[in-house]
Amino acid sequence: MRPRHLALAIGLAAVWGVNFVVMQVGLEHFPPLLYAGLRFTLAAFPALLLVGRPGVPWRWVVAVAATIGVGQFGLLLIGMRAGMPAGLTSLVLQMQVLFTILFAVTLLGERLTARRVAGLAVAFGGLAIVAFDFGLSGPLGAFALCVAAAAAWGLGNVAQRRAAPPDSLRFMVWVSALSAPPLLLLSLLVEGVPSLASPAEGWLSLAYVAFVSTLGGFGVWGFLLRRYDASTVAPYTLLVPVFGMSSAALFTGEPVSWLRVLAAALIVTGVLYAGARTRRTEAPAPALTG
């Protein structure tokens, strides 16, 4: 990878890592479902007027919107609002890679090799340590919601793999457009009539996650994937929890215990090992992030 493209890949991981702290700030001013709905509304409009059709059958756009847009982000933000800290969330969500492998095996008939079984075991061991560590000080319900969000993300990744969109940014704009209405409707039913009265930091948080993380991030992601193999680009997403946990410690004072460091090492090692390309297998498809 060229130096400037390497810088883009690392910068993108930083943008997506800091995104968790930014979302935590936004959740101080908006209820979670409303925040998710507004995020996708801003990401879709006016960008929707500038892009063409998604380039894939509509059923796949709907499937990804339901699993990633509504399922993942709805569960994720509810979990964060319930007490899951930003840095730890960025780490737990990396389990989406392993859920992607499991769903690809069960739904697409891909081979579950010995390498992937070993990687899954190591990474789930790290997740167990996170559960133990967080269970001593935080609500396990919030942790379970974030694990469920990672599972929904994995299911959405399989749908996106089947869709194989020719333009990831254009596809994400349409996914955002179809995610926003159900999230806003759920917000109305569950959270009540919304109030958009928020200080500037609430709206700046929304602007960051909609324009910088979503549109800008996936623009860079698509740019890199057009120039390099997915197996070259995808491992850089493992830097996301590094930036997520570091920024959370720096800006919110979130503690980083030795158990969390050990869990991070196990999860990242397991994901890398399970997803490594071998002679007979392909690396798992790159996933949406943040």
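Note that residues are indexed from 1 along each chain, following the sequence as it is written. The predicted nature of this model means local features are confined to residues of pLDDT at least 70 and side-chain atom pairs, given and counted, to a pLDDT of 80 or more, with totals for whole chains, interfaces and linings taken over all residues. For side-chain calculations, the full set of non-hydrogen atoms in the structure is used, while hydrogens and water are omitted.

Focus: helix 5 (residues 96–108)
Each residue is assigned to one of three classes by its accessible area relative to the maximum for its type, calculated with a 1.4 Å probe on protein chains only: buried under 20%, partly exposed between the two thresholds, exposed over 50%. What counts as a helix is a DSSP run of H or I of at least four residues, what counts as a strand is a run of E of at least two, and both are numbered from the N terminus. Within the sequence span of helix 5, burial applies to Gln-96, Val-97, Leu-98, Phe-99, Thr-100, Ile-101 and Ala-104. Of the residues one or two after helix 5, Gly-109 is the one with positive phi, at around 75 degrees.

As for empty space enclosed by the protein
Cavities and pockets are defined on a 1 Å grid built over the protein atoms alone: a cavity is a set of grid points where a 1.4 Å probe fits but cannot escape, while a pocket is an open set with protein on both sides within 12 Å along at least five of seven lines, and lining residues are those with an atom within 4 Å of any such point. Grid points are joined across faces, edges and corners, and a volume is the space filled by probe spheres set on the points. Per the stated rule, a full pass over the model turns up two cavities of 30 Å³ or more. If you add up the space inside the largest cavity, you get close to 50 Å³. Elements that contribute at least two residues to the lining of the largest cavity include exactly helix 1 (3–26) and helix 9 (200–227). Of the residues belonging to the lining of the largest cavity, the class tally is nine nonpolar, one polar and no charged. Taken as a whole, the second largest cavity holds about 30 Å³ of empty space. Around the second largest cavity sit Leu-88, Met-245, Glu-254, Pro-255, Val-256 and Arg-260, which together line it. Here the nonpolar group is Ala, Val, Leu, Ile, Met, Phe, Trp, Tyr, Cys and Pro; Asp, Glu, Lys and Arg are the charged ones; every other residue, Gly included, is treated as polar.

Observations concerning the side chain of Ser-198
Examined against the element boundaries, Ser-198 turns out to sit in the loop between helix 8 (168–191) and helix 9. Accessibility expressed as a relative area gives 18% for Ser-198, which makes it buried. Note on definitions: a residue-residue contact is assigned when non-hydrogen atoms from the two residues lie within 4.5 Å. In this view, Ser-198 contacts His-29, Phe-30 and Trp-203; residues no more than four positions away in its chain are not counted.

Some details on the packing of aromatic side chains
Classification of ring pairs rests on two measures: the distance between centres of Phe, Tyr or Trp rings, Trp counted by its six-membered ring, which must be within 6.5 Å, and the angle between planes, read as stacked under 30 degrees, edge-to-face over 60 and tilted in between. If you walk through the whole model with that rule in mind, you get five aromatic pairs. For the pair Phe-30 and Tyr-35, a centre-to-centre distance of 6.2 Å together with 40 degrees between the ring planes defines the contact as tilted. For the ring pair Trp-58 and Trp-174, a centre distance of 5.0 Å and an interplane angle of 80 degrees mean the geometry is edge-to-face. Of this pair, Trp-58 sits in helix 3 (residues 58–81) while Trp-174 is found in helix 8, placing the two residues 116 residues apart along the sequence. By the ring-pair criterion, three or more aromatic residues cluster together here, those being Phe-30, Tyr-35 and Trp-203. A positively charged side chain is recorded as over a ring if its NZ (Lys) or CZ (Arg) lies within 6 Å of the ring centre. The angle to the ring normal must also be within 35 degrees. Sitting over the face of the ring of Phe-40, Arg-39 holds its NZ or CZ atom 5.5 Å from the ring centroid.

A look at unusual backbone geometry
In this model, Phe-45 is joined to Pro-46 through a cis peptide bond whose omega is 5 degrees. By the secondary structure assignment, Pro-46 is in the loop between helix 2 (32–44) and helix 3. A positive phi angle, near 50 degrees, is found at Ala-164, a position not held by glycine. Within the element layout of this structure, Ala-164 appears in the loop between helix 7 (140–163) and helix 8.

A closer look at the packing of helix 8 against helix 9
For helices, the fitted line uses only the C-alpha atoms of the stretch in contact; every axis is such a line through C-alpha atoms, and the angle between N-to-C directions lies from 0 to 180 degrees. Packing of helix 8 against helix 9 leaves a shortest axis separation of 8 Å and a crossing angle of 150 degrees. As judged from the angle between their axes, helix 8 and helix 9 are roughly antiparallel. Once helix 8 is placed against helix 9, the crossing between them reads as right-handed. Contact residues: Ser-168, Leu-169, Met-172, Val-173 and Ser-176 in helix 8; Thr-214, Leu-215, Phe-218, Gly-219, Trp-221 and Gly-222 in helix 9. Angles below 35 degrees are treated as roughly parallel, those above 145 as roughly antiparallel, those between 65 and 115 as roughly perpendicular, and all remaining angles as oblique. In this scheme the handedness of a crossing depends on how the near helix is turned from the far one: anticlockwise by less than a right angle means left-handed, clockwise means right-handed.

Side note on the environment of Leu-88
Assignment of secondary structure puts Leu-88 in helix 4 (residues 86–92). Classification of Leu-88 by relative accessible area gives buried; the value is 0%. For the pair formed by Leu-88 and Leu-184, sequence separation is 96 residues and the distance between their alpha carbons is 27 Å. With near-sequence residues (within four places) excluded, Leu-88 lies in contact with Val-130, Phe-134, Glu-254 and Arg-260.

Quick notes on the environment of Ser-246
Topologically, Ser-246 is positioned in helix 11 (residues 240–251). Sequence spacing of Ser-246 and Ala-197 is 49 residues, and the spatial spacing of their C-alpha atoms is 31 Å.

What about the environment of Phe-73?
Its location among the elements puts Phe-73 in helix 3. Here Phe-73 falls in the buried class, since its relative accessible area comes to 3%. Each C-alpha atom of the pair Phe-73 and Ser-213 lies 14 Å from the other, and the pair is 140 residues apart in sequence.

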